[in-house]
Amino acid sequence: MLQWISGGSRSGKTYALVQRFGQWIEQAQGTPAALTLGQESLLFLTDTVEGRQAIQKEIERQLGSGYTPYIATPLGFMQDEVELFWPLLVQAQAVASRLPVHLKPETELLWAQRLWQPWLEKSTLAPLSENRNRATRHLLDIFQLAAFARLRLDDLPQLMRDHQLDLPSETVEAIASALDQWQAWCTEHSLLTYGITAALFGHVLLNHPQYQASLKQRFQCLFADNTHNYPAVMADLIEHFNQQGIKIVLTHQPIGAVRLGLGADPDAFLGLKQQAKVIDLPACRNTIFDTADLRSSIQELLKTPQSTLPTTIEAIQTTSRMQLLQEVVETIAGAIHRGIIQPTEIAILAPGLDSVARYVLSTELKKRGIPLVIWNEQRPLIQSPLVRALLTLLSFVYEDIGVGLEATAVAEMLTIFQPRDIDPVRAGLLANYCFQPDPRQPKLLPTTCYGHWDRFGYRATEAYNQFCNWLGGLDGRQFPAYVLEAAIQRYIRPQNLTASELAPLRSLLESIATYWQVYDHLAEYRATPIAERLREWISLLRQGTVTANPAPLLWQPQGVLLATTFQYRSARLAHRWHFWLDAGSPRWQDGGLQCLWQAPLFLRRGAASPSARVWQLESERLEHLLVDLCSRVSDRLYLCHSDLAANGREQEGPFSPWVDLAVGDRLQAVGDGTIDK
């Protein structure tokens, strides 16, 4: 009843999983199981939202559009189960008897700091970090990792002592006490965070006989894709399915777990492998190395730098980073204009992306008529001029939030709201002469208060007067989201902006709605004045805490792709050409590992886990990254290296020997006349 499909990146694991699903449907035809084929009794699990889309697309490709199984990520599944079985949690006295409210990560930090203020003021938690925000974030990460590992908070002190963490004993005890206080406060007020959800699911639901019995009644079979990116608690869930005789097919990747360090525990699933029928898929051959054993080829190159690189690997080497970015643009533009490759077949990857690289690549490629798609770009909302204009508007509607409001912000608001009638010059004049600053209630004065009001012009004056009249009709006692929505409908929606330009506005409205919901949910905070709530919320926005988080795209973007290595691997993408930016950067040595504080402690098998070696050995981290990325490029790889980084320092990263080899091979080929200069 349990099948284990093992294979590397692009080896066809998802295809094989859906194929087993099709076989099960074929066998189930004419049986009672066939009556519920399209219902939630068919459970698919996958590691990311992009994975959900990939599974649904593969089901439609293989079986048609008549099958709609329940597809969820591990966290999404746990959230659904906790909400569905909330009465059971109330009965078990694990939560309060009121409907739950979700606490988003950015507001989770705020409420945790408020709860832990006495702890943070002492020096007890200082060993975590001198920065209070970072110390709070570390504590919340510990809670989430412990919940994912299904580890009780009482066991934390002993776990930290066993791993000999360099922390004072009083700090270790304070960590456990603070986290216990956080869990009690959240469950008492029915507040759900990612960590609280995982803790309730792992420690209450999975142990409850009634819930265990419901699994067999509700689900006929389980198909789990990419289990190497799942937390350990999901291994226990799958074990329950297996004990109850439910059909299970899962896929697993031996190396290269993308979410290792973010809660994934690949080795927690190895016990299931011993009980399963194992199917090993052959490695993808369509790579730049064109070999069945990609890992061995990369190991050989890492151990012996003097080896010869494949001809499919080339280098772009410059002195400065700005020159490097220009060379990358010219290489891409030249290949596209000669018809060698299409923009959608090119990906530019880096271990981390800065605003300079994004701006230069975007503007320079656009000049050449080539679109650039920045994958899942999550910029702080405050960077959007539309958002800043709306926040400025709130200062004129609600009292006591206008501290620090400047004329430049008012000019920006007027220009954003009425770009056709008020140009930047007249907006500046209006802000300079008709704006009256006041920390309590700033005002927009009539244009006649300025002796030379005729300089504003007729159109700008009329537009300004209409805006002031509309502004005067707004009610400062209303829920701020209504004011924001009214401004969007009147001044922003008619401008026919693109979906990407409007995305920050959607995030802004969602942010204030969820923020307000928590205040209204907590009885002791309901009386908090609107001005105090707004000041706190606007402060979060100005700190860059709240970001625009657009939904993942349902199709491959039409353009050259720019992404970090983590984003690219998480989205399970592949291209013909890769450009690895800043190949000389030491950041490549991290192997793209995104790691929460002390994440290795929470692996189910601890230091004995094979995955724990990824943290211990830099070479192994790099090897895992290279095997995964090289599996995702089929024709050509460009190592893009500049001798000097953006800060002017020399770069000497793990790929520097490869760059030298690629440059040397090219110079030799030019000298031999094999290729043109």
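Residues numbered from 1 in each chain as written. Predicted model: local features only at pLDDT ≥ 70, side-chain atom pairs only at ≥ 80, totals over all residues. Heavy atoms only, no water.

## Some thoughts on the overall build of the protein chain
Alright, step 1. A count of helical and extended segments in the protein chain gives 27 helices and 16 strands.
Alright, step 2. What you see for the protein chain is a C-alpha radius of gyration of 28 Å, in line with the 26 Å of a compact globule of 677 residues.
Alright, step 3. Counting over 677 residues, the protein chain shows a buried share of 53%.
Alright, step 4. A sequence separation of at least 24 residues applies to 77% of the contacts in the protein chain between residues at least 6 apart.
Alright, step 5. Surface summary for the protein chain: the accessible area is close to 30,300 Å², and the carbon and sulfur share equals 49%. (Helix = DSSP H or I, 4+ residues; strand = E, 2+ residues; numbered from the N terminus. Rg over C-alpha atoms; globule rule 2.2 N^0.38 Å. Buried < 20%, exposed > 50% of the residue type's maximum accessible area, 1.4 Å probe, protein only. Contact = heavy atoms within 4.5 Å. Areas by Shrake-Rupley, 256 points an atom, 1.4 Å probe, with all protein chains shown as cover.)

## Let's talk about the packing of aromatic side chains
Alright, step 1. Applying the stated rule across the entire model yields 33 aromatic pairs.
Alright, step 2. Both rings, one in Tyr70 and one in Phe77, keep their centres 6.4 Å apart while their planes meet at 40 degrees; by these two values the pair is tilted.
Alright, step 3. Ring centres 6.4 Å apart and planes at 55 degrees place the aromatic pair Tyr515 and Trp516 in the tilted group.
Alright, step 4. Overall, the relative accessible area of 1% leaves Tyr515 in the buried class.
Alright, step 5. In this structure an aromatic cluster arises from ring pairing among Trp111, Trp116, Trp182, Trp185, Phe479, Tyr482, Tyr515, Trp516, Tyr519 and Tyr525.
Alright, step 6. Geometry around Trp111 places Arg114 over its ring, the cationic atom sitting 4.6 Å from the centre.
Alright, step 7. Residue placement shows Lys122 over the ring face of Trp119; its charged tip is 5.9 Å from the ring centre. (Phe/Tyr/Trp six-rings, centres within 6.5 Å; stacked < 30°, edge-to-face > 60°. Lys NZ or Arg CZ within 6 Å of the ring centre and 35° of its normal.)

## Some remarks on the state of the cysteines
Alright, step 1. Within the structure shown, the criterion is met by 0 disulfides.
Alright, step 2. The thiol sulfur of Cys630 is not disulfide-bonded, and the nearest other cysteine sulfur, from Cys284, lies at 12 Å.
Alright, step 3. Exposure remark for Cys630: the relative accessible area of 0% places this residue in the buried category. (Disulfide = S-S within 2.5 Å.)

## Topic: the sheet that holds strand 10 (residues 346-350)
Alright, step 1. Pairing is parallel in the open sheet, where 6 strands are placed in the order 9-16-15-10-14-11. The strands lining the two open edges of the sheet, one partner per strand, are strand 9 (313-318) and strand 11 (372-374). Neighbouring strand axes in the sheet, compared pairwise and without regard to direction, differ in orientation by 20 degrees on average.
Alright, step 2. By the bridge criterion, 4 bridges tie strand 10 to strand 15 (residues 575-580) in an arrangement that is parallel. Bridging from a neighbouring strand, Ile348 pairs with Phe579 of strand 15.
Alright, step 3. In the packing of helix 15 (residues 321-337) onto the sheet, the strands contacted are strand 9, strand 10, strand 14 (560-564), strand 15 and strand 16 (633-642), and the crossing angle to strand 9 comes to about 135 degrees.
Alright, step 4. Sitting on the sheet, helix 16 (residues 355-367) is in contact with strand 10, strand 11 and strand 14, with an inclination near 155 degrees to strand 11. (Pairing = 2+ DSSP bridges. Axes fitted to C-alpha atoms, helices over the stretch in contact; angles between N-to-C directions.)

## A word on the sheet that holds strand 1 (residues 2-6)
Alright, step 1. Across the sheet, which stays open at both edges, the 6 strands sit in the order 3-2-6-7-1-8 with parallel pairing between neighbours. The strands lining the two open edges of the sheet, one partner per strand, are strand 3 (70-72) and strand 8 (277-280). Ignoring strand direction, the axes of neighbouring strands in this sheet form an average angle of 15 degrees.
Alright, step 2. Inspection of the sheet shows strand 1 paired to strand 7 (residues 247-252) by 5 bridges, in the parallel sense. Each bridged residue has a counterpart across the sheet, and for Ile5 the counterpart in strand 7 is Thr251.
Alright, step 3. In the packing of helix 1 (residues 13-28) onto the sheet, contacts are made with strand 1, strand 2 (42-45), strand 6 (221-224), strand 7 and strand 8, and the angle to strand 7 comes to roughly 170 degrees.
Alright, step 4. Contacting strand 2 and strand 3, helix 2 (residues 49-63) runs over the sheet at an angle of about 150 degrees to strand 3.

## Looking at the confidence of the model for the protein chain
Alright, step 1. Considering every residue of the protein chain, the mean pLDDT works out to 87; 93% of them sit at 70 or more.
Alright, step 2. When mean pLDDT is compared element by element in the protein chain, helix 10 (residues 194-205) scores highest at 96, while helix 27 (residues 656-672) scores lowest at 63. (pLDDT = per-residue confidence, 0-100.)

## Section: the pattern of salt bridges
Alright, step 1. Going through the model one piece at a time under the given rule, you end up with 27 salt bridges.
Alright, step 2. The partner of Glu345 in a salt bridge is Arg576, with the nearest N and O atoms 3.1 Å apart. A residue pair is termed long-range when its members are at least 10 positions apart, and Glu345 in the loop between helix 15 and strand 10 and Arg576 in strand 15 qualify at 231 residues.
Alright, step 3. Taking relative accessible area as the criterion, Glu345 reaches 25% and is therefore assigned partly exposed.
Alright, step 4. Three or more residues are tied together by salt bridges with common partners; here these are Glu330, Glu364, Lys367 and Arg368. (Salt bridge = Lys/Arg side-chain N within 4 Å of Asp/Glu carboxyl O.)

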